[in-house]
Amino acid sequence: GTLYVGQTVEFTLNASDNVGVTEWLLTVDDQDVTVEDGKATYVFTSEGNYTVVATVRDAAGNETSKSLTLQVVVDNVLPIVSVTHNGGSAIAAGKTVDFTVKATDNVGVLKHFLTINGETIVLDSDNVGRFTFTQAGTYEVIASAKDAMGNEGVKIITITVVEDTAAPSVTV
């Protein structure tokens, strides 16, 4: 697959030896990378081609190396954002509404955001935020999401809130 600047990549080194592997080494463009239990992580900080070399040694000092070249590119793809709410088609002043912000991205979404008429709405772990419409009028709802490269996708919807003119009903 494609590797992107800012992306954390996990390398898994698999090796075997008749006596046992005693040392695992990994370099990315001649820079040593820490290997623990045959696994290492690396964050690519700029675009280009990288040479990755994995080396293993046994107790007798025998070693084997394998290398590969990885291409890393800049991620310019914006997250695709959507926002939904449970307010129905007619929202009356005084009503509290839950908004759900969802986003997808080619690399992964780091953070979701929601503002309503410029007010930041706190989102829970499911990216749901609650807002009470205190008065009639038009409200601008802005949902956004950012990925690791700082690319930001935005979805804007307009909500019209009406005065609550319906009298309550009662039965005896």
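So, here is what we can say about the structure in this document.

Most often, soluble globular proteins keep nonpolar side chains buried together rather than apart. Of all hydrophobic cores here, the largest spans 20 residues; its most connected members are Val83, Phe99, Leu114, Ile116, Phe133, Val141 and Ile159. In terms of residues, this core owes the most to one element, strand S14 (residues 137–147), which gives four residues. If we skip the residues at most four places from it in the chain, leucine 114 touches Val83, Phe99, Val101, Glu119, Thr120, Ile121, Leu123, Val141, Ile142 and Ala143.

Within the structure shown, the criterion is met by six aromatic pairs. Between tyrosine 42 and phenylalanine 44 the ring centres are 4.9 Å apart and the planes differ by 70°, which places this aromatic pair in the edge-to-face class. The pair formed by tyrosine 42 and phenylalanine 44 is uniform in burial state, with each residue classed as buried. Note on phenylalanine 133 and tyrosine 139: the rings are 4.7 Å apart at their centroids and 85° apart in plane angle, and the pair reads as edge-to-face. Residue classification places phenylalanine 133 among the buried positions, given a relative accessible area of 0%.

Now for the sheet that holds strand S8 (residues 80–85). Reading across the sheet, the three strands line up as S8-S10-S13 and stay open at both edges, with antiparallel pairing between neighbours. Single-partner strands in this sheet number two, and they are S8 and strand S13 (128–132). Shown here is a sheet whose adjacent strand axes are inclined to one another by a mean of 25°, direction ignored. Sheet topology places S8 next to strand S10 (residues 96–104); six bridges connect them, and they run antiparallel. When the sheet's bridge partners are listed, threonine 84 is paired in S10 with threonine 100.

Moving on, we come to the pattern of salt bridges. Per the counting criterion, the structure on display carries three salt bridges. A salt bridge links glutamate 23 to arginine 57; the shortest N-O distance between them is 3.0 Å. Of the two residues, glutamate 23 is situated in strand S3 (residues 21–28) and arginine 57 in strand S6 (residues 48–58); the sequence distance between them amounts to 34 residues. Residues arginine 57 and glutamate 63 are paired through a salt bridge, measuring 2.6 Å at the closest nitrogen-oxygen approach.

Reading the values: rules and limits
Residues numbered from 1 in each chain as written. Predicted model: local features only at pLDDT ≥ 70, side-chain atom pairs only at ≥ 80, totals over all residues. Heavy atoms only, no water. Core = buried A, V, L, I, M, F, W, Y, C linked by side-chain atoms within 4.5 Å. Buried < 20%, exposed > 50% of the residue type's maximum accessible area, 1.4 Å probe, protein only. Helix = DSSP H or I, 4+ residues; strand = E, 2+ residues; numbered from the N terminus. Contact = heavy atoms within 4.5 Å. Phe/Tyr/Trp six-rings, centres within 6.5 Å; stacked < 30°, edge-to-face > 60°. Pairing = 2+ DSSP bridges. Axes fitted to C-alpha atoms, helices over the stretch in contact; angles between N-to-C directions. Salt bridge = Lys/Arg side-chain N within 4 Å of Asp/Glu carboxyl O.

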